[in-house]
Amino acid sequence: MDELFIGSAICEVTSGGEILLPRAFHETAQLRSPNGQWFIGLHEEQRCLVVYDRAFAAQQQWDFETRRAAFIGSNLEAHYTRLRRTFGFVETIRLAPDGMMMLGALMRERGRIGASALLVATGQRFEIWDLDYVLARGPSDLVTLATLHLKIQLANEDCHGPALPSVDSRRRPGNLSQPGFHLQQMPSLRPRHDPVDGISSNGVEGDPPRISGRVEKH
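A brief look at the structure comes next. (Residues numbered from 1 in each chain as written. Predicted model: local features only at pLDDT ≥ 70, side-chain atom pairs only at ≥ 80, totals over all residues. Heavy atoms only, no water.)

**Focus: the overall build of the protein**
- The helix and strand tally for the protein stands at six helices and eight strands.
- The buried share among the 218 residues of the protein stands at 31%.
- A fraction of 61% describes how many contacts in the protein between residues 6 or more apart in sequence connect residues 24 or more apart.
- Approximately 15,700 Å² of the protein is accessible, and the part contributed by carbon and sulfur atoms is 55%. (Helix = DSSP H or I, 4+ residues; strand = E, 2+ residues; numbered from the N terminus. Buried < 20%, exposed > 50% of the residue type's maximum accessible area, 1.4 Å probe, protein only. Contact = heavy atoms within 4.5 Å. Areas by Shrake-Rupley, 256 points an atom, 1.4 Å probe, with all protein chains shown as cover.)

**Focus on the pairing of strand β3 (residues 37–42)**
- For β3, the tally of buried residues reaches six of six residues, placing the bulk of the element in the interior.
- Two strands pair when backbone bridges link them, and β3 and strand β4 (residues 49–52) are joined in this way by four bridges, in the antiparallel orientation. Considered in β4, the bridge of L42 is made with L49.
- Here β3 folds back onto β4, and the loop between the two strands holds six residues. (Pairing = 2+ DSSP bridges.)

**Considerations on the pairing of β4**
- Of the two faces of β4, the one holding L49 and V51 and the one holding V50 and Y52 are both buried throughout.
- Judged from the three bridges that link them, β4 and strand β8 (residues 126–130) form a sheet pairing that is antiparallel. Pairing of V50 across the sheet is with E127, part of β8.

**Remarks on unusual backbone geometry**
- Look at R112: it is not a glycine, yet its phi comes out positive at around 55°.
- Its relative accessible area of 52% is what places R112 among the exposed residues.

**Observations regarding the pattern of salt bridges**
- With the rule as written, the count across this model stands at two salt bridges.
- Of the charged contacts in the structure, one is a salt bridge between R32 and D53, with a shortest N-O distance of 3.0 Å. Taken together, the residues span a long stretch of sequence, with R32 in helix α1 (residues 23–32) and D53 in the loop between β4 and α2 (54–71) at a distance of 21 residues.
- By relative accessible area, R32 is classed as buried at 5%.
- Note on D53: relative accessible area 2%, which makes it buried. (Salt bridge = Lys/Arg side-chain N within 4 Å of Asp/Glu carboxyl O.)

**Here we look at the sheet that holds β4**
- Spatially, six strands are ordered β1-β7-β8-β4-β3-β5 in an open sheet, and the strand pairing comes out antiparallel. Two strands bound the open sheet, and with one partner strand each, they are β1 (8–12) and β5 (90–94). On average, each strand axis in the sheet is inclined to that of its neighbour by 25°, with strand direction left out of account.
- Contacting β1, β7 (116–121) and β8, helix α6 (residues 140–159) runs over the sheet at an angle of about 65° to β1. (Axes fitted to C-alpha atoms, helices over the stretch in contact; angles between N-to-C directions.)

**Focus: helix α3 (residues 76–88)**
- Between the first and last C-alpha of α3 there are 17 Å, a value that for 13 residues agrees with the 18 Å anticipated at 1.5 Å per step.
- The set of residues buried in α3 consists of H79, L83 and T86. When α3 is viewed along its axis, its buried side chains cluster within an angular range of 75° and face the same direction. (Expected span 1.5 Å × (residues − 1). Arc of directions from axis to C-beta.)

**Looking at the nonpolar core**
- Counting 23 residues, the largest nonpolar core has I40, L49, M101, L103, L119, F126 and I128 as the members making the most contacts within it.
- Contributing elements (two or more residues each) for this core: α1, β3, β4, β7 and β8.
- In contact with I40, other than residues within four places in its own chain, are L49, V50, V51, F89, V90, E91, I93, M101, M102, L103 and M107.
- Judged by nonpolar contacts, the second largest core, of 10 residues, contains C48, L131, V134 and L142. (Core = buried A, V, L, I, M, F, W, Y, C linked by side-chain atoms within 4.5 Å.)

Quick look at the structure:
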């Protein structure tokens, strides 16, 4: 299969184990498995999870069968231990149309995945690492990769302000009221025409005084 997972990303993990795949990962997953079926299991040697499709699982089974002859007469237990780790500690998931995938409680516990994860593509599958573990005790290349991602995220946050809230399209046009603010309509003020102390109603000095139409009798 030509479609390969390429790249890496840092993703948030919800309390329920949900991860929203990056766009590149999501598009590759859709091409490799149109029905959305995927497997999550333990890595053969590293402390991380691996995500793969049915085609990769079948390839693994073929590889194990062809290599079994190498263990005969020496240490078959290592062979069966590897089989159990590859096919026994596995969960089947469905990838949602929007790219959301959910880690089950068993896999999340076995992989010790916390609130943030580092996704690393490895061609036909991709790995899920706990971000805190990578930064503290992970392989040096992954530490460098995770640190670079974090620096880029911080730079983006410094350059861009918080996102504006979406506009409610159902709100009537021309309504200027905002939540938490109450506008009180004030009566219009009638303009003053008689000057006071030589200052007209428009606040300009020197305008000639207006003559009243009333004549006083003496």
